Amino acid sequence: MNLERLPNNEKLSLCRKYYLGGFAFLPFLWLVNVVWFFKEAFLKPAYTEQLQIKTYVKRSGLGLLLWVAVLTTWITIFQHFRAEWGVVADYLSFTIPLGIP
C-alpha cells in the first residue's frame, strides 16, 4: 500500500485500526503498523494527525516488544521443562518428540 496517496485523516484511521487489531491477539498487526507508519510518524514534516500517529506507532512497538518477550519466555520455559511435565506437556504439544528426554 502506498501511504503517500492517502490523505492524512485516512492514514490516522488506518494506523488506529492496526493498533486496535493488535489487541485481538494479532501482534503481527503491530509490527506492520510500526514498519508502515514509522516514516510518517517520525521523519515527515509536522501535520495535525502526526501526533496521534506517533502515539499509535510507539504503543504498537511497545506492545510488539511485550508480545515477543512473553512468547520467548514461554517457549524457553516449555522447551526446558517439557520432559518433566509429562502428560500435560504432551497435551500442549502438536508434535511429540521421539526418543529419551
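By convention here, each chain's residues receive numbers from 1 onward along its written sequence. For this predicted model, a pLDDT threshold of at least 70 governs which residues receive local features, and a threshold of 80 or more governs which side-chain atom pairs are given and counted, while totals over whole chains, interfaces and linings are taken from all residues. Side-chain measures were taken over the full set of non-hydrogen atoms in the model, leaving aside hydrogen atoms and water.

Under an unreviewed UniProt entry, the chain has the name Gamma-secretase subunit PEN-2 and belongs to Esox lucius. The chain has a UniProt comment under Subcellular location (unreviewed entry) that states "Golgi apparatus, Golgi stack membrane". UniProt positions are given in the numbering used here, feature names are shortened, and annotations may be inferred rather than shown by experiment. Reading the Sequence similarities (unreviewed entry) entry of the UniProt record for the chain gives the comment "Belongs to the PEN-2 family."

Undergrad: Provide a residue-level description of the overall build of the chain, including the pertinent values.
TA: Secondary structure assignment for the chain yields four helices and zero strands. In DSSP terms, a helix is any run of H or I states spanning at least four residues, a strand is any run of E spanning at least two, and both are numbered starting from the N terminus. Mapped from its N terminus to its C terminus, the chain presents α and β elements in the order α-α-α-α. Atoms considered for the radius of gyration are the C-alpha atoms alone. The globule rule reads 2.2 Å times the number of residues to the power 0.38. Radius of gyration (C-alpha) of the chain: 20 Å, far over the 13 Å computed for a compact globule of 101 residues. Taking the principal axes of the C-alpha coordinates as reference, the chain spans close to 60 × 20 × 20 Å. We call a residue buried when its accessible area falls under 20% of the maximum for its residue type, exposed when it is over 50%, and partly exposed in between, using a 1.4 Å probe and counting protein chains only. Of all 101 residues assigned to the chain, the portion counted as buried reaches 30%. Residue contacts follow a heavy-atom distance rule, with two residues in contact if any of their heavy atoms lie within 4.5 Å. Once local pairs closer than 6 in sequence are excluded, the contacts in the chain between residues at least 24 apart make up 42%. If you sum the accessible surface of the chain, you get close to 7500 Å²; carbon and sulfur atoms cover 68% of it. When the 10 positive and 6 negative side-chain charges of the chain are each reduced to one mean point, those points stand 8 Å apart. Areas reported here follow the Shrake-Rupley algorithm with a probe of radius 1.4 Å; residue values treat only the protein chains shown as occluding. This count recognises Lys and Arg as positive and Asp and Glu as negative, with His and chain-terminal groups excluded. Think of each charge as sitting on NZ of Lys, CZ of Arg, CG of Asp or CD of Glu.

Undergrad: An account of unusual backbone geometry is needed here, citing residue identities and associated values.
TA: Even without glycine at this site, Phe 25 takes up a positive phi of about 55°. Tracing the sequence through the fold places Phe 25 in the loop between α1 (8-21) and α2 (27-42). Its relative accessible area of 65% is what places Phe 25 among the exposed residues.

Undergrad: Can you explain the packing of aromatic side chains? Please cite residues and give values.
TA: Any two rings among Phe, Tyr and Trp, with Trp reduced to its six-membered ring, count as a pair given centres within 6.5 Å; such a pair is stacked if its planes are under 30 degrees apart, edge-to-face if over 60, and tilted if neither. Here the structure, examined in full by the defined rule, presents ten aromatic pairs. For the pair Phe 25 and Trp 67, a centre-to-centre distance of 5.9 Å together with 85° between the ring planes defines the contact as edge-to-face. With Phe 25 in the loop between α1 and α2 and Trp 67 in helix α3 (residues 50-85), this residue pair connects regions lying 42 residues apart in the sequence. Each ring, one from Trp 74 and one from Phe 78, has its centre 5.5 Å from the other, and the planes form 35°; the classification is tilted. Of this pair, Trp 74 and Phe 78 are both found in helix α3, four residues apart, which corresponds to roughly one turn of the helix. Classification of Trp 74 as partly exposed rests on a relative accessible area of 41%. A network of ring pairs unites the aromatic residues Tyr 19, Phe 23, Trp 30 and Tyr 56 as a single cluster.

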